[in-house]
Structures are given as C-alpha cells and as structure tokens.
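So you can see what is in the structure, the chains are spelled out below.
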Amino acid sequence: MNPYTSVIITSSLIMGPLLTMSSNHWIMAWTGLEISTLAIIPLIAKQHHPRAIEAATKYFLTQATASTLILFSSIMNAWTLGQWDITQMSNNTPCMILTTALAIKLGLAPFHFWLPEVLQGTTTMTALILTTWQKLAPLSLLVMTSQSLNTPLMLTLGLTSTLIGGWYGLNQTQLRKIMASSSIAHLGWMTTILTLSPKLTLLTFYTYIIMTSTTFLMIKTLETNMISVMMTSWTKLPTLNTMMMLTLMSLAGLPPLTGFTPKWLILQELTKQHMFIMATAMALISLLSLFFYLRISYYTTITLPPNSTNYLQQWRHKTNKKLYLATMTTLSITLLPITPTLLTIP
C-alpha cells in the first residue's frame, strides 16, 4: 500500500471514533462514524481476493444502512425536540430506531449475520481492528444515550446476542468465525447491563478489548486460522500455546482469570435489581461459549484431531521478543485481584 494512502487511512481510522466519542452534536457523531467506516473498507479489501471483496461489500452495506438509520433517528429527534444534543433522546420512536441502528453497527443479534462473514474474509489484524477499535464509537453512543433507552428491549437484545453468540460458535472450525461469535456473546453481556449500570458496560468492554486483542495477536503469531491447524502450534511456541489456553479460559469467564470479573459483577448487579431469572439465564447461556473455548484448548493442548490431512509441519520460529504480547497476556489473566480498584474508577 502506498505510504501516503496508509497514513490517510490510519489517521482516519484513529480520528473517526475519537470524533464520535468527543461529540455532543448528532451530525458530528455521525460524521465520525462515517470516517471510521470508510477508513476500514480499504483494509478489508486490500487482499484482492473475492472473499475480501465480498467482505468489504457486506461491511459497507450494513454500516451504510446503520448510518442512515442513525441520521434518520437524530433528524426525527431534532424535529420533535428542536435540538441536536446526543444525551437528549426523550422520544420513543427515535430511541427505537437508534437502538436498531447501533445494534446493526455492533453486530448484536438478530443483526449479527454480517460479522462472522466479514471477519472470515479479511486478515487477522483487520479482524482485530473490527472486533475492538471499530466497536468503540457505536458503544460510546449507546452509553451516552443509555438513560433514554428501553430497558426491556436492551435486556432482550443482550440475552439474544449471548445465546446466538454461544450457539453460533459451537460447530465452527475457523478461528475468526469463533472470535466473531465470541464478540457477539460479549456484546450481549454489555448490552444486558447497559441501562442498569453503564459503568459496568465500560468495564466489560475494556476487559473484552484486552482479552480479544491478546487472542488475535496470539493467532497471528502462531500463523493459524483453523482449529485443526492448532494441533501443530505446540511445536512452534510451547509457552505461547499454554498462555493462549489461559487467555481462552479468561474469555470464557472462568475464575480466577480476568474475564470472570465483568461477568461476576454483571450477575451481581442483575441480582440486586431482582432479575433472578435473567441472571440465571445469562449464567447458563455462557456455558455455550465455554464449550467452544474448551474445544479450541482441547485441540491445542491435549489431542490431535482424527483426520488424514497432512499439514506442513512448522517448527519453532525465531525467538523475537514480543514484550507487548507478554504484557497483554498478563493483563488478560491476572486482573481479577484488583477488581475493587477497578470499581472505584468513575
């Protein structure tokens, strides 16, 4: 890619979500979302492969639809109330349209169908950007409008996303599609608690970014895209292989790892709000996600899959020190003891 083009795309990718997060005016927020969307499309399509072009087209169409709905809801709200302030959304109809639009942008069920296909058609690092940085702007809009959103609707979206995310990942063999279903399930947890405790939504999102980024960087380092190829990962970097298993268990939310913190706090908050059935359902549905994380760990560390396909044996890589990966792995598995400190952050 041309260096000038790369600089423009990178700066736009950074500035788009920052513009949305720092805006109080709907038009500025919408502009930030558009800049972010247009900046990521060349990165998705740069492989010059039919799957990459298909992924870029699907991403553009879904994001353009969501942006149109956001603009429509903000105009309707301005027509009703006479102002463009993001936090002033007192009309039910614009709120419902906005919720639908942001659900499409985030990939919440039942608007999740584009996310696994787009991740599968692009590179590992672009998939990392799509599942972390690109979620920042839509989620910030949800947090800013959380006081105006319909709580039963958000609970339904959250429960459905957690269920669909867990269910979708059960029979997948592609790691990027599994990470897409993981993203859908985690966003379901964030959406569930959004109107009850926006602070917990942000905490869940921060831990999700750390764990997902670590997992994608490990997949990139091991140069693998399928579960069946993971069986040779122990020959490349045995230590990293072990750390990946712990990171996957953290994504699943097992104690005493980092991923247990947000789920524990969300279930605690739901119980405080006397939503016992909802808390029980969320806890049980999370077992679906646990299964496919365990499946990857099982293939990676315990057994070889029963197939006759001969994979090219890749022996150990050059031992280049990756300090950032060591740091992120540590954060992904050891943050549970500082939970009381995290709760004091405003």
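Reading the values: the criteria
Residues numbered from 1 in each chain as written. Predicted model: local features only at pLDDT ≥ 70, side-chain atom pairs only at ≥ 80, totals over all residues. Heavy atoms only, no water. Helix = DSSP H or I, 4+ residues; strand = E, 2+ residues; numbered from the N terminus. Buried < 20%, exposed > 50% of the residue type's maximum accessible area, 1.4 Å probe, protein only. Contact = heavy atoms within 4.5 Å. Axes fitted to C-alpha atoms, helices over the stretch in contact; angles between N-to-C directions. Parallel < 35°, antiparallel > 145°, perpendicular 65-115°, else oblique. Left-handed = near helix turned anticlockwise from the far one by under 90°. Nonpolar A, V, L, I, M, F, W, Y, C, P; charged D, E, K, R; others polar. UniProt positions renumbered as here; feature names shortened; annotations may be inferred. Core = buried A, V, L, I, M, F, W, Y, C linked by side-chain atoms within 4.5 Å. Domains from an automatic or database assignment. Buried area = accessible area lost by both parts, 1.4 Å probe. Salt bridge = Lys/Arg side-chain N within 4 Å of Asp/Glu carboxyl O. Polar contact = N/O pair within 3.5 Å; in protein donor to acceptor, adjacent residues only side chain to side chain.

Enquirer: Explain the environment of Lys177 here, please?
Expert: Note that Lys177 resides in helix 9 (residues 175–194). Judged by its relative accessible area of 15%, Lys177 falls in the buried class. Taking the C-alpha atoms as reference points, Lys177 and Thr235, separated by 58 residues in sequence, lie 24 Å from one another. For Lys177, the residues in contact, after removing those within four places along its chain, are Pro116, Glu117, Gln120, Tyr168 and Gln172.

Enquirer: Mind showing me how you'd approach the packing of helix 12 (residues 260–272) against helix 13 (residues 276–301) here?
Expert: Packed helices, taken two at a time, are described by the angle between their axes plus the distance between the axes. It is at 8 Å that the axes of helix 12 and helix 13 come closest, and there the two elements cross at 155°. Relative to helix 13, the element helix 12 lies roughly antiparallel. When the axes of helix 12 and helix 13 are compared, the crossing they make is left-handed. Touching Lys263, Leu267, Leu270 and Thr271 of helix 12 are Phe276, Met278, Ala279, Met282, Ala283 and Ser286, all from helix 13. Residue composition of the contact of helix 12 with helix 13, grouped by class: seven nonpolar, two polar and one charged.

Enquirer: Sorry, what's going on with the UniProt feature "transmembrane region" (unreviewed entry) in the protein here?
Expert: In this numbering, the UniProt entry assigns the feature "transmembrane region" (unreviewed entry) to residues 57–76, 96–115, 152–171, 178–197, 203–222, 234–254, 274–294 and 323–345. Strand forms 0% of residues 234–254 and helix 71%; the C-alpha atoms that close the span are 23 Å apart.

Enquirer: Would you mind showing me how to read the nonpolar core here?
Expert: Looking at soluble globular proteins, one finds that nonpolar side chains tend to be buried together. In terms of nonpolar packing, the biggest core is built from 44 residues, with Ile40, Ile44 and Tyr59 touching the most fellow members. When residues of this core are assigned to domains, at least three map to each of domain 1 (1–109) and domain 2 (150–345). Once residues lying within four places of it in the same chain are set aside, the contact partners of Ile44 are Ala52, Ala55, Ala56, Tyr59, Val118, Gly121, Thr122, Thr126 and Leu130. Ala29, Met89, Leu139 and Leu187 belong to the second largest nonpolar core, which has 27 residues in total.

Enquirer: I tried to follow the domain arrangement of the protein on my own but got confused; where do I start?
Expert: A common measure of how large an interface is: the accessible area buried when the components associate. With domains assigned, the protein is organised as domain 1 (1–109) and domain 2 (150–345). For domain 1 versus domain 2, the separation of C-alpha centres amounts to 26 Å. Counting residues at the interface gives seven residues for domain 1 and ten residues for domain 2. When residues of domain 1 are sorted by the area they lose upon contact with domain 2, Thr99, Leu108 and Ala109 head the list and together hold 64% of the total. In this structure, the connection of domain 1 to domain 2 is made through zero salt bridges. Where domain 1 meets domain 2, there are one residue pair in polar contact (both at pLDDT 80 or more). Of the residues that constitute the side of domain 1 that touches domain 2, the class distribution is five nonpolar, two polar and no charged.

Enquirer: Is there a simple way to explain the pattern of salt bridges in this structure?
Expert: For side chains bearing opposite charge, pairing can occur when the charged atoms are close. Applying the stated criterion across every chain, the model contains two salt bridges. A salt bridge links Lys177 to Glu117, with the nearest nitrogen and oxygen atoms 3.5 Å apart. Remark: Glu117 occurs in helix 5 (residues 114–120) and Lys177 occurs in helix 9; sequence separation between them is 60 residues. On the basis of relative accessible area, Glu117 is assigned to the partly exposed category, the value being 24%.

Enquirer: So what exactly am I meant to see when it comes to the UniProt feature "domain: NADH:quinone oxidoreductase/Mrp antiporter transmembrane" (unreviewed entry) in the protein here?
Expert: Mapped onto the present numbering, the UniProt feature "domain: NADH:quinone oxidoreductase/Mrp antiporter transmembrane" (unreviewed entry) falls at residues 23–288. Helix makes up 73% of residues 23–288 and strand 0%, whereas the separation of the span's terminal C-alpha atoms amounts to 38 Å.

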